[in-house]
Amino acid sequence: MKRIFSTLILACVAIMMVAAPKSSKLMPEASSIPGVTTVYLGPAILAMAQESALDDLDDNIRDAIKELKSLEIITTEKKSAIPSLDAMAEKVIDQYTLDLLMEVNSDENEQVYLYAPVSSTPVDDSCMLMITQTPEDYVIMAIRGRIDISAFMKDDQPQAQ
């Protein structure tokens, strides 16, 4: 009887492992690069954070973030890792047809790039990338989910009459 029960449990675990959803990480291979630190926040923790913070947020921001699926932060201080991370970011930019919305170059040799989908309607499964590079470090922040850039730009101030 124990053998049947054990076999049944093993079969169930195997089926669940095969049927489990694949990771929704945009750049899962980044964690295997030496000297790279990755942080991944999945849908469950984002939902909890959104629930607890919704009352404190502006209506436009609340609308823009309510359907996020994940947040990834990838960082390194190793210059040798930057070309690999750049290539991964470029693949995501191409895959999701992201446009460069903002580029900042400072006197202190810091560059910031913001990529997002530009569409008149929200995209259900898209992402937004922010890439920051300084002489000391390189950071990619990737947000995945329903991205509505126009929600950030809505003006909820009363119009002058």
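Residues numbered from 1 in each chain as written. Predicted model: local features only at pLDDT ≥ 70, side-chain atom pairs only at ≥ 80, totals over all residues. Heavy atoms only, no water.

Focus on the nonpolar core
Using the following cut-off: Only buried residues count toward a nonpolar core, which is a set of Ala, Val, Leu, Ile, Met, Phe, Trp, Tyr and Cys residues joined through side-chain atoms within 4.5 Å. Each residue's exposure class comes from its accessible area (1.4 Å probe, protein chains only) as a fraction of the maximum for that residue type: buried when under 20%, exposed when over 50%, partly exposed otherwise. Where helices and strands are cited, they refer to DSSP runs of H or I of at least four residues and of E of at least two residues respectively, numbered from the N terminus. Contact criterion: two residues are considered in contact whenever any of their non-hydrogen atoms come within 4.5 Å of each other.
Counting residues in hydrophobic clusters, the biggest one holds 22 residues, and the most contacted among them are Met-27, Leu-85, Leu-129 and Ile-140. Every element with two or more residues in this core is listed here: α4 (82–95), β5 (123–133) and β6 (138–147). Counting residues per element, this core draws most heavily on α4, at 6 residues. Sequence-distant contacts of Leu-85, defined by excluding residues within four places in its chain, comprise Ala-30, Ile-33, Val-36, Ile-74, Thr-76, Tyr-138 and Ile-140. Grouped together as the second largest cluster of nonpolar side chains are 6 residues, Leu-46, Leu-68, Ala-116 and Ile-143 included.

Structural notes on unusual backbone geometry
The phi dihedral of Thr-97 falls on the positive side, at around 50 degrees, and the residue is not glycine. Exposure remark for Thr-97: the relative accessible area of 59% places this residue in the exposed category. If you check the backbone angles, Asn-109 has positive phi at about 65 degrees while not being a glycine. Structurally, Asn-109 can be placed in the loop between β3 (99–105) and β4 (111–116). Judged by its relative accessible area of 45%, Asn-109 falls in the partly exposed class.

Quick notes on α4
Filter applied, for reference: Helices are assigned an expected span. That span is 1.5 Å times one less than the residue count. It is the directions from the helix axis to the C-beta atoms whose arc is reported.
Between the first and last C-alpha of α4 there are 20 Å, a value that for 14 residues agrees with the 20 Å anticipated at 1.5 Å per step. Considered for burial, the residues of α4 that qualify are Ile-82, Leu-85, Met-88, Ala-89, Val-92 and Ile-93. Projected down its long axis, α4 carries its buried residues within an arc of 140 degrees, all on one side. α4 presents Pro-83, Lys-91, Asp-94 and Gln-95 as exposed residues on the side facing more than 90 degrees away from its buried surface. Thr-97 sits one or two residues past α4 and shows a positive phi near 50 degrees.

Description of the environment of Ser-24
As for its placement among the helices and strands, Ser-24 is situated in the loop between α1 (2–19) and β1 (36–41). Considered as a pair, Ser-24 and Ser-70 are 46 residues apart in the sequence and their alpha carbons are 7.4 Å apart. Residues within four places of Ser-24 in sequence aside, it is in contact with Tyr-40, Ser-70, Glu-72 and Arg-144.

Regarding empty space enclosed by the protein
Put simply, the rule is: For cavity detection a 1 Å grid was placed over the protein atoms alone, and a set of points counts as a cavity when a 1.4 Å probe fits there but cannot get out; an open set counts as a pocket when protein lies on both sides within 12 Å along at least five of seven lines, with lining residues being those that have an atom within 4 Å of a point. Grid points are joined across faces, edges and corners, and a volume is the space filled by probe spheres set on the points. The nonpolar class holds Ala, Val, Leu, Ile, Met, Phe, Trp, Tyr, Cys and Pro. Asp, Glu, Lys and Arg form the charged class, and all remaining residues, Gly among them, are polar.
Applying the stated rule across the entire model yields 1 cavity of 30 Å³ or more. What the largest cavity holds in volume is close to 50 Å³. Every residue along the wall of the largest cavity is listed here: Lys-25, Met-27, Pro-28, Ser-31, Thr-38, Val-39, Tyr-40, Glu-72 and Ile-74. Taken together, the elements giving at least two residues each to the lining of the largest cavity come down to β1 and β2 (68–76). Top contributing element to the lining of the largest cavity by residue count: β1, with 3 residues. Looking at the lining of the largest cavity, its residues break down into 5 nonpolar, 2 polar and 2 charged.

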